[in-house]
Each structure stands twice: as C-alpha cells, then as structure tokens.
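In case you want the letters, here they are:
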Amino acid sequence: MKLWKFAAIGLILCGAVLLQFVLKAAPSSRVRSPSSPSSSSMMDTNSSASSGAQGRLRRARSTDGGDSLVSELMEVFQSFTEGELKQVIGALVEKKAHRDALQSKRTKRAKKGAKPCSLRMVEVTVSQLDLGFDSDETIAFHYCSGKCTFSRKNYDVVLAHMKKSGLLLKDQRDKARHSPCCRPTTYEDDFLFLDNSFQYRTIREFSAKDCGCV
C-alpha cells in the first residue's frame, strides 16, 4: 500500500476520534419552562423518577447523532479522488519541509554569529596580497576572525559607558575602542618565493600563526 493511502486512513481516523471527543465534551442544553411555586414540588418528584430514563435517551440520541456524523465524515473523505489526496498530503509535506528549512537556517546563523576568535585560512597568489610583488605562486594566507565578547575586561565596560554617557569628547570617542579585537598574537616565519622576474623575494610578518583578543 502506498504512503498516501496510509496518510489518508490516518486522517480519517483522527477526524473520527476528534468528532467523538467534541460530541462527548459538548454540554447538553436543557430548556426549563417557568413554573409556579405550587407545581415545583410535583416537578421535583417527577424529575427524580424520569431523570434516569431521560439521561439514557439523551445518551442514545447523542451516540446515534455522533455515529451519523462520523459516517458523513467518512463519506466526505472517501469522495476525494487519489489525485486530490496526493495534493493535500503533498502540500502538508511541503509546508513541514519549508518550516524545517527555516529552522535549520536560524540555527546555522546563530552558530555562525557566536563563533569565537580563531585562525582561518584562504589560498591566494602572492600578487593578490597587494604588497607590490608580481608572482603567480600560491600560498596559504592565515588570518584571524571571530568574536571577542567573552574577553572583555573592566576597562572595556568602563570605556563603553564613558563614550555612551558623553564623558569623552567626540574625537576621543571615535579613536577609543571599548571592545577587544581578534588579531594575530604571533606570525609565521618569513616566506621566500620566486617572482615572475625569476628573482627571490621575502615577505615578513604577513600571515598569522596564532590569534587572540587584544
């Protein structure tokens, strides 16, 4: 049996159970006609004798009505063609997949935004370093990137408050940094390479070896 048939049967059963629950939970309305004080004692006497029979009758009628509605609901579901059921199930599956994709994107953004300061790497040519050298030799350039939120000291907290409260002049606020920055703490060894003029060149302190929040 195909997947859509299982899903259709599940929908029918869920609808029937939900309908039975609603019918049982709905309170039965009773209309009482106004009566005089003299007839109240007679009504109390008769009500105690007939309450059991009326209760059983109401339950029987409610059950009959529920069975009738369930039968109608089953007929409605059976009136759907195979193509219509496939469309309904396909729409539900597509909606769930879209919701899961959005949740996955939010999770990835949260993880990406919270990445701490660390060493990264990218492959470039010497000419792409923009240091004035002409060479097609490829090197691994290491750089530092990430957040330093958890490395803030009391100095950073105090300076941020002074900048926000206006205790520093404008030119002083622009130059003063109130948060640590992810930067290299040590650099790799000097890099020796051959340029396009067949001459050996050396680059110093251009690629990070270790990173830290400074």
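Note: the structure precedes this text.
Residues numbered from 1 in each chain as written. Predicted model: local features only at pLDDT ≥ 70, side-chain atom pairs only at ≥ 80, totals over all residues. Heavy atoms only, no water.

I would appreciate a short explanation of the state of the cysteines in the present structure.
Throughout this description, disulfide means a covalent bond between two cysteine sulfur atoms. Applying the stated rule across the entire model yields three disulfides. The disulfide that involves Cys148 links it to Cys213, with 2.2 Å between the sulfurs. Judged by the sign of its S-S torsion, about -85°, the cystine formed by Cys148 and Cys213 is left-handed. Of this pair, Cys148 sits in the loop between β2 (138-145) and α4 (154-165) while Cys213 sits in strand β6 (residues 208-213), placing them 65 residues apart in sequence. Residue Cys148 is classed as buried on the basis of its relative accessible area, which comes to 8%. Among the cysteines of the chain that take part in disulfides, numbered as they appear in the sequence, the pairing is 1-4, 2-5, 3-6. (Disulfide = S-S within 2.5 Å. Helix = DSSP H or I, 4+ residues; strand = E, 2+ residues; numbered from the N terminus. Buried < 20%, exposed > 50% of the residue type's maximum accessible area, 1.4 Å probe, protein only.)

Explain the packing of aromatic side chains here, please?
Two aromatic rings, taken as a pair, are described by how far apart their centres are and by the angle between their planes. One pass over the structure, following the stated rule, counts five aromatic pairs. Geometrically, the ring pair formed by Phe141 and Tyr143 is stacked, given 6.3 Å between the ring centres and 15° between the ring planes. The class for Tyr143 is partly exposed, based on a relative accessible area of 32%. Judged by centre distance (6.5 Å) and plane angle (20°), the ring pair of Phe141 and Phe206 falls under stacked. With Phe141 in strand β2 and Phe206 in the loop between β5 (200-203) and β6, the pair connects residues that are 65 residues apart, well separated along the chain. When its relative accessible area of 23% is taken as the criterion, Phe141 is described as partly exposed. (Phe/Tyr/Trp six-rings, centres within 6.5 Å; stacked < 30°, edge-to-face > 60°.)

Explanation requested: the environment of Gln128 in the structure shown.
With respect to the helices and strands, Gln128 occurs in the loop between β1 (118-125) and β2. Between the alpha carbons of Gln128 and Thr138 there is a distance of 9.5 Å; along the sequence they are 10 residues apart. Engagement of the side chain of Gln128 in a polar contact is seen with the backbone nitrogen of Thr125, the distance being 3.0 Å. (Polar contact = N/O pair within 3.5 Å; in protein donor to acceptor, adjacent residues only side chain to side chain.)

Would you mind going over the nonpolar core with me for this structure?
Where a protein is soluble and globular, its nonpolar side chains tend to be buried together. Grouped together as the largest cluster of nonpolar side chains are eight residues: Val124, Val126, Leu129, Ile139, Phe191, Phe193, Ile203 and Phe206. Not counting the four nearest positions on each side in its chain, Phe206 is found in contact with Leu129, Ile139, Phe141, Tyr187 and Phe191. Judged by nonpolar contacts, the second largest core, of five residues, contains Cys117, Cys148, Cys182 and Ala208. (Core = buried A, V, L, I, M, F, W, Y, C linked by side-chain atoms within 4.5 Å. Contact = heavy atoms within 4.5 Å.)

Hey, could you run me through unusual backbone geometry in this one?
Glycine aside, residues mostly have negative phi, and peptide bonds are mostly found in the trans state. Backbone geometry places Asp130, a non-glycine residue, at a positive phi of 60°. By the element assignment, Asp130 lies in the loop between β1 and β2.

Whenever I open this one, α4 confuses me. Can you help?
An α-helix turns once every 3.6 residues. As a result, residues three or four positions apart point the same way. For α4, spanning 12 residues, the distance from its first C-alpha to its last is 17 Å, which sits close to the expected 16 Å at 1.5 Å a residue. Where α4 is concerned, the buried positions are Asp156, Leu159 and Lys163. For α4, the arc enclosing every buried residue in end-on projection is 70°, short of the 170-degree limit, so these residues lie on one face. Turned more than 90 degrees away from the buried face of α4, the exposed residues are Asn154, His161 and Lys164. (Expected span 1.5 Å × (residues − 1). Arc of directions from axis to C-beta.)

Explain the environment of Phe191 here, please?
Relative to the elements of secondary structure, Phe191 occurs in strand β4 (residues 191-194). Sequence-wise, Phe191 and Phe206 are 15 residues apart; in three dimensions their C-alpha atoms are separated by 8.7 Å. Not counting residues within four places of it along the chain, the set of residues in contact with Phe191 comprises Val126, Glu137, Ile139, Arg201, Thr202, Ile203 and Phe206.

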